[in-house]
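Letter by letter, the chains look like this.
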Amino acid sequence: MRFTAVELIERKRDGLALSPEQIEWLISAFTSGEVTDYQMAAMAMAVYLRGLDAVELSTWTDAMLHSGETLDLSGLRGPKVDKHSTGGVGDKVTIPLLPMVRACGVLAPTLTGRGLGHTGGTRDKLESIPGLSTSLSSDRFMEVLSTHGMVYGGQSENLAPADAKLYALRDATGTVPSLPLIASSIMSKKLAEDLDGLVLDVKTGAGAFMPDPARARELAATMVGLGKAHGVATTAFLTSMESPLGREVGNACEITESIRTLRGEGPEDLWEVTLALGSEMLLLAGGVSDETAARRMLTRAVESGEALEVFRRVVQAQGGDPAVVDDPSLLPAATRRARVRAAESGYVSVCHALTVGIAATRLGAGRERKEDSIDPGVGIRILAKPGDRVERGQTLAEVSYEDENRWEAVRDYLAGAWSIDDHPPDAAPLIGERIRSSEMD
Ligand code: URA
């Protein structure tokens, strides 16, 4: 044995840098099980507290990227572009976005993740579709991708397995909101996909892992730099996560909202972010002159029904029941309902994404321990968002839940998500800065 986990944890705990050999050994020994979960959890906390310098981060990302197989998509004709979000509340963008870009001719392979902390995971949301699996072997992943031009993969034992293991540990040990751990987690699995282009949605604001805009910008620039260093054209957008995105927060209910979006009937904020990220994906793929043309193509893919058809075919190819596309009531739904009501009249000034996300997790939409299973049918439907006028007693949210004790424990906490003022709030921008690798020094 070249190193021991304890000596490396102590080194990082004491603020010393790890050498490339030490990081490579650590990630490989963690992947094989030689470094235990509890040791890696301690290391994650040490990294959370002490950070990684640029050389450590680059080595850590590469070690995770090479912890398993990497895809070889060179046999597939056409540009391959993916998207990833740093995580948000109600952030279901990937689900409608990929069929939309696919309908515009771009190959869209993706590796989705499970819920992390108070944020939902695309993988959990997709698996609320009866029968659908994102646990695909590499062969099956390639088969769905080459037949349908897109695939909703999941982190697996094959691709970037170190991230899959570490992701689950971080979720249960308070070590998610770390810039180097987020950057290496996202970029290791995305770089394993053999992409031509990558679009990153870096969330900032109350419900983001990097609430501070300056830190979120640093995270965005770090990931774009890692993409550039690996020869992948990468763009990051900073987008607001002050309020949940869209109206639905949960798992099955977010699939319903995604289907509505693919029908052109989705909420405005979700549509705006989806179009912004989608048009950048088309631009990175080439073959479209400018952003206006890209937006037009994406809108046409929805209006023609083509994007919805791609979604239906991929759901079926991954074992899911395609009937949910026409009848979302086939999705799991919790049996009990409750309402959150406005305590006074006025204008909603805040609908606090973090509070809504934590409440949804506690109702069972997310995990508190890594072994937990989620309840796909629980969810929170947001009926009042910042800027909306409400009257005292009006419903701010409808909650679907199963367990009365969980609801009792969360009801007052959830009600605290809304602030109501006499005056409408200033409109805050949803989409902020864009950082492109092609424009970086
Ligand atoms: N998404 C990921 O894949 N990893 C993180 O650490 C955060 C968001």
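All of these numbers come straight from a predicted model, not from anything done at the bench.

Chemist: Would you mind showing me how to read the site of the ligand here?
Modeler: The immediate surroundings of the ligand are formed by His84, Ser85, Thr86, Leu116, Tyr167, Arg170, Ile182, Ser185, Ile186 and Lys189. One nitrogen or oxygen atom from the side chain of arginine 170 is found 2.9 Å from an oxygen atom belonging to the ligand. Between the ligand and lysine 189, the relevant distance is 2.5 Å, taken from an oxygen atom to a side-chain nitrogen or oxygen of the residue. Across the complex, the protein chains shield 97% of the 240 Å² of accessible surface that the ligand would expose by itself. Among the secondary structure elements, those contributing two or more residues to the shell around the ligand are β1 (81-85), α8 (161-171) and α9 (179-191). Of the residues forming the shell around the ligand, the biggest block, four residues, is contributed by α9. The residue inventory of the shell around the ligand, partitioned by class, reads four nonpolar, four polar and two charged.

Chemist: Can you walk me through unusual backbone geometry in this structure?
Modeler: With the exception of glycine, most residues fall at negative phi, and the peptide bonds are largely trans. Of note, alanine 160 is a non-glycine position whose phi angle comes to about 40 degrees, a positive value. With respect to the secondary-structure elements, alanine 160 resides in the loop between β3 (150-154) and α8. Residue alanine 160 is classed as buried on the basis of its relative accessible area, which comes to 0%.

Chemist: Got a minute to help me understand the side chain of threonine 261 in this structure?
Modeler: Its location among the elements puts threonine 261 in helix α11 (residues 252-262). Residue class for threonine 261 comes out buried when judged on its relative accessible area of 0%. Aside from chain neighbours lying at most four places away, what touches threonine 261 is Pro96, Gly266, Pro267, Leu270, Trp271 and Val302.

Chemist: Can you help me understand the sheet that holds strand β7 (residues 336-341) in this one?
Modeler: Paired through backbone hydrogen bonds, the strands of a sheet run either parallel or antiparallel to each other. An order of β6-β9-β11-β7 is seen for the four strands of this open sheet, with the pairing classed as antiparallel. Either end of the sheet is taken by a strand with one partner, and the two such strands are β6 (248-250) and β7. Pairs of neighbouring strands in the sheet enclose a mean axial angle of 20 degrees, with direction left out of account. Pairing of β7 with strand β11 (residues 395-401) involves six bridges; the strand directions are antiparallel. From the neighbouring strand, valine 340 faces β11, where its bridge partner is alanine 397. Where α11 meets the sheet, it contacts β6 and β9 (379-382), and its direction lies at approximately 145 degrees from that of β6.

Chemist: For this particular structure, what's the right way to read the packing of helix α5 (residues 94-103) against helix α13 (residues 291-303)?
Modeler: Helices that pack against each other are described as a pair by the angle of their axes relative to one another and the distance between those axes. Remark: α5 packs on α13, axes separated minimally by 9 Å, with the N-to-C direction vectors making an angle of 105 degrees. Viewed along their axes, α5 and α13 adopt a mutual orientation that is roughly perpendicular. Mapping the contact onto sequence places Met100, Val101 and Ala103 in α5 and Leu298, Ala301 and Val302 in α13. Split by residue class, the contact of α5 with α13 holds six nonpolar, no polar and no charged.

Chemist: Just checking my understanding: could you explain the pairing of β3 for this structure?
Modeler: Each regular strand shows side chains that alternate between the opposite faces of the sheet. For β3, the buried fraction is high: five of the five residues fall into the buried class. Side-chain alternation along β3 places Met150, Tyr152 and Gly154 on one buried face and Val151 and Gly153 on a second face that is also buried. Two elements, strand β2 (residues 108-112) and β3, share five bridges in a ladder whose sense is parallel. Residue leucine 111 lies in a different strand from β3, and its bridge partner there is glycine 153.

Chemist: Can you walk me through the pairing of strand β12 (residues 418-421) in this structure?
Modeler: By the alternation rule, side chains of β12 split into Trp418 and Ile420, which are all buried, and Ser419 and Asp421, of which none is buried. Note that strand β8 (residues 346-351) and β12 share four bridges and pair antiparallel. Along β12, the bridge assignment pairs valine 348 with isoleucine 420.

Reading the values: the criteria
Residues numbered from 1 in each chain as written. Predicted model: local features only at pLDDT ≥ 70, side-chain atom pairs only at ≥ 80, totals over all residues. Heavy atoms only, no water. Near = heavy atom within 4 Å. Polar contact = N/O pair within 3.5 Å; in protein donor to acceptor, adjacent residues only side chain to side chain. Areas by Shrake-Rupley, 256 points an atom, 1.4 Å probe, with all protein chains shown as cover. Helix = DSSP H or I, 4+ residues; strand = E, 2+ residues; numbered from the N terminus. Nonpolar A, V, L, I, M, F, W, Y, C, P; charged D, E, K, R; others polar. Buried < 20%, exposed > 50% of the residue type's maximum accessible area, 1.4 Å probe, protein only. Contact = heavy atoms within 4.5 Å. Pairing = 2+ DSSP bridges. Axes fitted to C-alpha atoms, helices over the stretch in contact; angles between N-to-C directions. Parallel < 35°, antiparallel > 145°, perpendicular 65-115°, else oblique.

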